[in-house]
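# Structure at a glance
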Amino acid sequence: MAIKLPIYMDYHATTPVDPRVVETMVPYFTEQFGNAASRNHPFGWAAEDAVEQARKHVSDLIGAGAKEIVFTSGATESNNLAIKGVAEMYREKGRHIITAVTEHKAVIDTCKRLEKEDCRVTYLPVQKDGRISLDDLRNAISDRTILISIMTANNEIGVLQPIAEIGAIAKEKGILFHTDAVQAVGKVPFNVNDLKVDLVSLTAHKMYGPKGVGALYVRRRNPRVLLAPQIDGGGHERGMRSGTLNVPGIVGMGKAAALCKAEMTQDAARLGALRDRLNERLHKGLDEIYVNGSMEHRLPHSLNVSFAYVEGESLLMGINDVAVSSGSACTSASLEPSYVLKALGAGDDLAHSSIRFGLGRWTTQEEVDYVADKLITVVTRLREMSPLYELAKEGVDLSTMQWQVH
Ligand SMILES: *Cc1c(COP(=O)(O)O)cnc(C)c1O
C-alpha cells in the first residue's frame, strides 16, 4: 500500500481529535446546546449532566475526585491559574517559587511576571539527562517557599521528571506542588495521590481531544488547596474560573480521557516499540547522532535526536514530507536554538540540528520506516557536502582547529 504523505510525527505539538471523540461532541453543538449554568430547564440540566460526566472521566484518569477538576481553556490558562492563584492566595506565607529552566513557556513566563511583582523565583538547572537534581531542589527550599512547579514530561525531549520524589519532598516540607502534566497524562500512568501532587495542568488537544479546552486539578484534602481566581465573573467552577462552560469541548475532553484510560497501556507498548525501532534504524544507518535526554526516563512515544555535521534548516528542508519539530528556531519567532536543549548542555550546532519525533495513536510501522530511511538518505547526502564532517572522519579534532579568516 502506498504511504500517505505528508506523515505526521509531531504529536507533542497537538494530536488529531479521535473520531470517537468528535462523535460524542456533535450533539452538544445542536440538540443539546444548553448552558450548563441554566438551572431551571431541561436544556441546562442536560448540559450540566454532560459536563459532570466529563469531569468524572477526567478525574478518573488521574485518580482524583470529580470535584477537584476545574475546566479551563487549556494548559496555558491552567498553568497561569495554578501559579498566580497560589502566589496571590498564599501571599502571607511567603513569596518564593521553585521551578526549572526547561519548563514550558506558560510556566516560565508566568513566573517571570510574578518576579516583576514581588516574588522570588528559583529556576533549577537540569542535568545532562534533562532531569532536575533532587539535591538542588532541597537546597533551593526556604521557609518562604510556597510552590514548587515542575513538569511531569518535557514537551521537547519527552523526559520524565522524578515527580513522586519531588512530591515526597514537597509534602515533607509542607510546600504546594504543581505539575504541568500535559505531555504525560493519558500516555503513561499518573495518579495524584501516589505522586503527592496538589495541582495538575492538563489540556485536551494533546490527548486526542479538541483544542481550546483544558483542566486544572486542585487538591481538596490533605491539604485543601485554595486559589485566587484569575478570571472574575459568574462564579463558575466553584468560583475558581468564571465563564460559560465550553460544553462540547468539555464533553470531548471527557471522552478523550476515557479512551486514554482504556487504551493507554496498549498504545504505550505499541508506540514504545515503534519509537525504539526508529531509534535503532537511525543509529544503524548513521554515525554521529545523539539522543537528547534520558532514554530511561522518557515518554514511550517520544524521541529527540541531534544530527551532527548537518545544518538544521537544510535537514528540515530535506525531509519536508515529514511533519516534525526541530530545536532550530527558524520554525518560530526567534533565531535562538531551543533553550531546553541548551539547558542539557547541547552546543548551538547540535541544538539547531535536532529533531523531535512524536509518535501517536495513528503512527504506523510503515511510516516509521519511511521516516528513518528518509533521514538516513538526507543526512548522508548533506554530510557528503560537508567539509567539517570529512575532517572529523579524518580524525581532525575540530574543537582545537585554528581557523583562518580571510
Ligand atoms: C502544549 C503545552 C502547553 C500549553 O497547552 P495549551 O492547551 O496549548 O495552552 C503547556 N505545557 C506543555 C508541557 C505543553 O506541551
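Above this note sits the structure.
Overview of the structure. Keep in mind it's a predicted model, so treat the numbers as computed, not measured.

## Remarks on the overall build of the chain
Summing up its helical and strand segments, the chain has 13 helices and 13 strands in all. Scaling as 2.2 N^0.38, a compact globule of 406 residues should have a C-alpha radius of gyration of about 22 Å, and the chain matches this with 23 Å. If one aligns the C-alpha atoms of the chain with their principal axes, the spans along those axes are about 80 × 55 × 35 Å. Burial status across the chain gives 55% buried among its 406 residues. Put simply, 72% of the contacts in the chain that link residues at least 6 apart link residues at least 24 apart. Between the mean site of the 46 positive side-chain charges and the mean site of the 50 negative ones, the chain shows a separation of 6 Å.

## Thoughts on the sheet that holds strand 10 (residues 302-307)
In spatial order, the strands read 9-10-13-12; together these four strands make up an open sheet with antiparallel pairing. In this open sheet, the two strands that pair with only one neighbour each are strand 9 (289-291) and strand 12 (325-326). Relative to strand 10, strand 9 runs antiparallel, the two being bridged by three bridges. Bridging across to strand 10, Val291 finds its partner in Val305. Contacts between helix 8 (residues 247-285) and the sheet are confined to strand 9, strand 10 and strand 13 (354-358), with strand 10 contributing the most and set at about 15° to the helix.

## With respect to the packing of aromatic side chains
Using the criterion set out here, one finds five aromatic pairs in the structure. Each ring, one from Tyr8 and one from Tyr11, has its centre 5.2 Å from the other, and the planes form 65°; the classification is edge-to-face. The exposure class of Tyr8 is partly exposed, given its relative accessible area of 29%. With a centroid separation of 5.5 Å and 80° between ring planes, the pair formed by Tyr208 and Trp362 is classed as edge-to-face. One end of the pair, Tyr208, is in the loop between strand 7 (199-203) and strand 8 (214-218); the other, Trp362, is in the loop between strand 13 and helix 12 (365-384), and 154 residues separate them in sequence. Given a relative accessible area of 37%, Trp362 falls into the partly exposed group. A connected cluster of aromatic rings, assembled from ring pairs, spans Tyr8, Tyr11, Tyr208 and Trp362. Positioned above the aromatic ring of Tyr339, the side-chain terminus of Lys105 is 4.5 Å from the ring centre. Above the ring of Tyr208, the side-chain terminus of Arg361 is found at 4.0 Å from the ring centroid.

## Some words on the nonpolar core
For soluble globular proteins, the rule of thumb is that nonpolar side chains tend to be buried together. Counting 61 residues, the largest nonpolar core has Ile62, Phe71, Leu137, Ile148, Phe190 and Leu202 as its most contacted members. When residues in this core are grouped by element, the largest group, eight residues, is from helix 8. A domain-level breakdown of this core finds at least three residues from each of domain 1 (7-12 + 264-389) and domain 2 (19-260). With residues up to four places along the chain from it excluded, the contact list for Leu202 reads Val58, Ile62, Gly74, Ala75, Ser78, Ala181, Val182, Val185, Gly214, Ala215 and Met253. Counting 27 residues, the second largest nonpolar core, distinct from the first, contains Leu274, Leu278, Ile289 and Val371.

## Quick word on the side chain of Thr15
With respect to the secondary-structure elements, Thr15 resides in the loop between strand 1 (7-8) and helix 1 (19-25). A polar side-chain atom of Thr15 sits 2.8 Å from the main-chain amide nitrogen of Tyr208.

The rules behind each value
Residues numbered from 1 in each chain as written. Predicted model: local features only at pLDDT ≥ 70, side-chain atom pairs only at ≥ 80, totals over all residues. Heavy atoms only, no water. Helix = DSSP H or I, 4+ residues; strand = E, 2+ residues; numbered from the N terminus. Rg over C-alpha atoms; globule rule 2.2 N^0.38 Å. Buried < 20%, exposed > 50% of the residue type's maximum accessible area, 1.4 Å probe, protein only. Contact = heavy atoms within 4.5 Å. Lys, Arg positive; Asp, Glu negative; His and termini not counted. Charge placed at Lys NZ, Arg CZ, Asp CG, Glu CD. Pairing = 2+ DSSP bridges. Axes fitted to C-alpha atoms, helices over the stretch in contact; angles between N-to-C directions. Phe/Tyr/Trp six-rings, centres within 6.5 Å; stacked < 30°, edge-to-face > 60°. Lys NZ or Arg CZ within 6 Å of the ring centre and 35° of its normal. Core = buried A, V, L, I, M, F, W, Y, C linked by side-chain atoms within 4.5 Å. Domains from an automatic or database assignment. Polar contact = N/O pair within 3.5 Å; in protein donor to acceptor, adjacent residues only side chain to side chain.

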